[in-house]
Amino acid sequence: MNTRRDFLKKSGIVLGGALSTPLYSFNILKGAKKEQEILGHGDYQYKLNRDWAKISSVRNPLLNCHEMVMDSKGRLIMMGDHTDNNILIFDKSGKLLDYWGTAYPGGHGLTLSQEGEDDFLYLTDSGWYLDRRGKMIHHNGRVTKTTTDGQVIFDIGHPQTIGIYQPGDHFCPTEVAVGPNGDIYVADGYGKDFIIQYDQYGKYIRHWGGHDNKDNNYNLFNAHGVTIDNRDPNNPLLCCSSRNESTYKWYTLDGKFVKKLKLTNMYMCRSVFDDQNLYAGVCWSSPTNAGGYDWTKHTGFVTILEGDKVVSNPGGTAPKYEDNGELAPSFQLEHKPIFHGHDVCVDEDKNLYVCQWNANKTAPLMLERV
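Our subject in this report is the structure included herewith.

Here is what the cut-offs are and how they apply
- Residues numbered from 1 in each chain as written.
- Predicted model: local features only at pLDDT ≥ 70, side-chain atom pairs only at ≥ 80, totals over all residues.
- Heavy atoms only, no water.
- 1 Å grid on protein atoms, 1.4 Å probe; cavity = no way out; pocket = protein on both sides within 12 Å on 5 of 7 lines; lining within 4 Å.
- Points joined across faces, edges and corners; volume = space filled by probe spheres on them.
- Helix = DSSP H or I, 4+ residues; strand = E, 2+ residues; numbered from the N terminus.
- Pairing = 2+ DSSP bridges.
- Axes fitted to C-alpha atoms, helices over the stretch in contact; angles between N-to-C directions.
- Phe/Tyr/Trp six-rings, centres within 6.5 Å; stacked < 30°, edge-to-face > 60°.
- Buried < 20%, exposed > 50% of the residue type's maximum accessible area, 1.4 Å probe, protein only.
- Lys NZ or Arg CZ within 6 Å of the ring centre and 35° of its normal.
- Core = buried A, V, L, I, M, F, W, Y, C linked by side-chain atoms within 4.5 Å.
- Contact = heavy atoms within 4.5 Å.
- Salt bridge = Lys/Arg side-chain N within 4 Å of Asp/Glu carboxyl O.

1. Details of the layout of surface pockets
Here the largest pocket defines a volume of roughly 910 Å³. Along the wall of the largest pocket there are 35 residues; nearest its centre are Thr111, Leu112, Thr227, Ile228 and Phe273. Mapped by element, the contributors of at least two residues to the lining of the largest pocket are β3 (65-70), β7 (107-115), β13 (175-178), β17 (223-229), β21 (267-274) and β25 (343-346).

Here's what the structure looks like:
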């Protein structure tokens, strides 16, 4: 039988009369299932852990959890947009090890770059942030290279300074990828939808994408994510999400189109590659017979591909292929175990850590592989 003491423990309220800092009950959501839940399909099924992250509502408040990477020490590093702590660093048990960063109100993208024995981070501020009055503000974003403890190495400035943007053009980067030779690829996913390539020192090389190409394969609509696809080590490619088209597009590292893949009814963020699999957070999907999605609604999940085939949708309906080989629409489960899939991090045991946008200030979820 549930007692008042059990309730207080679960709610993070400390008993005994002394004041202390409560643990966040980030993920206790109205209507959420309390029993341990299994999500996913086939060989990719997971136990959902809503209370994985052990952080304080006072010391470490959250707005949105955007992206997460694992460094060479096995630590899980998360990027968010609360300027009390843009960066949170966890161990795999969910214990908070460190936090830093106050300069990125639009904190969005996080990419790990391993250079020799050292790890570095590329942080993107998307140019959109929530001010203290609760109003969304549009400003120009930034890309910053840092150490894993927050020391700034350099910033990549507004592309107007190198002549490829005009005065008044917004630069709102959402993601960075780092090539095998150190080249930096910036996705201006909330701005002009260009992929901008720089060398390792931040010198401009080229750009492509945008909206006005004669060849539609080069058009990107919400170029939200960009990732190096090393599944063929002899032929690394750049995978770009054209989120408003529900499509991934692959290019050579010098910007030549190679192929594309449409994931029907999935408005997905960056691709995350592990072994031969592709994992992605699906930020939105259109509900059945809705005829479109509402970006303010909770309609997301996670998708997993073996090669180019979807094999599991944790938080969503089972993937189905039609007789002609086309992927049928997938939908969020009715009880909404995952609100928005903004990013996925995969550890060496193939557990998943899911960052969510617009999810009532919830911390990352853990999906434990079963």
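2. Re the sheet that holds β17
The antiparallel open sheet is built from four strands, whose spatial order is β17-β18-β19-β20. Two strands lie at the open edges of the sheet, namely β17 and β20 (257-262), each paired on one side alone. When the angles between neighbouring strand axes are averaged without regard to direction, this sheet yields 20 degrees. Bridge count between strand β19 (residues 247-251) and β20: five bridges; the pairing is antiparallel. The partner of Tyr251 across the bridge, within β20, is Phe257.

3. Focus: the packing of aromatic side chains
For the coordinates displayed, the defined rule picks out 15 aromatic pairs. A centroid spacing of 6.2 Å and a plane angle of 90 degrees characterise the contact between Tyr165 and Phe171, whose relative ring orientation is edge-to-face. With a relative accessible area of 2%, Tyr165 lands in the buried category. A cation sits over an aromatic face here: Lys192 above Tyr165, 5.8 Å from the ring centre.

4. Here we look at the environment of Val186
As for its placement among the helices and strands, Val186 is situated in strand β14 (residues 184-187). Here the alpha-carbon distance between Val186 and Thr174, two residues twelve residues apart in the chain, equals 7.8 Å.

5. Notes on the pairing of strand β22 (residues 277-284)
Note on strand geometry: in a regular strand, side chains alternate between the two faces of the sheet. With eight of eight residues buried, β22 is to be regarded as a mostly interior element. Where β21 meets β22, six bridges bridge the pair, whose relative direction is antiparallel. Bridge assignment links Met268 to a residue of β22, and that residue is Val282. What sits between the antiparallel neighbours β21 and β22 is a turn of two residues, in which Asp275 has the positive phi angle 55 degrees. Of the pairings in the sheet, the one linking β22 to strand β23 (residues 301-306) comprises six bridges and is antiparallel in character. Residue Ala280 lies in a different strand from β23, and its bridge partner there is Thr303.

6. Some words on the nonpolar core
By size, the foremost hydrophobic cluster in this structure holds 17 residues, and its most contacted members are Trp52, Met68, Leu76, Met78 and Phe90. Leave out the neighbours within four places in its chain, and Trp52 touches Met68, Leu76, Phe90, Asp91, Lys92, Ser93, Gly94, Tyr353, Pro364 and Met366. In terms of nonpolar packing, the next biggest core, distinct from the first, is built from 16 residues, Cys239, Leu261, Met266 and Leu327 among them.

7. Comments concerning the pattern of salt bridges
Scanning the entire structure with this criterion turns up 14 salt bridges. When the shortest N-O distance is used, the salt bridge between Lys350 and Asp274 registers 2.6 Å. One end of the pair, Lys350, is in the loop between β25 and β26 (352-355); the other, Asp274, is in strand β21, with 76 residues separating them in the sequence. Asp275 is paired through a salt bridge with Lys350; the nearest N and O atoms lie 2.8 Å apart. Residue Asp275 is found in the loop between β21 and β22, and its partner Lys350 is found in the loop between β25 and β26; the two are separated by 75 residues along the sequence. Residue Asp275 is classed as exposed on the basis of its relative accessible area of 56%. The structure contains a network of salt bridges with shared partners spanning Glu67, Glu175, Arg270 and Asp343.

Keep in mind that these numbers describe shape and distance, not what the molecule does.
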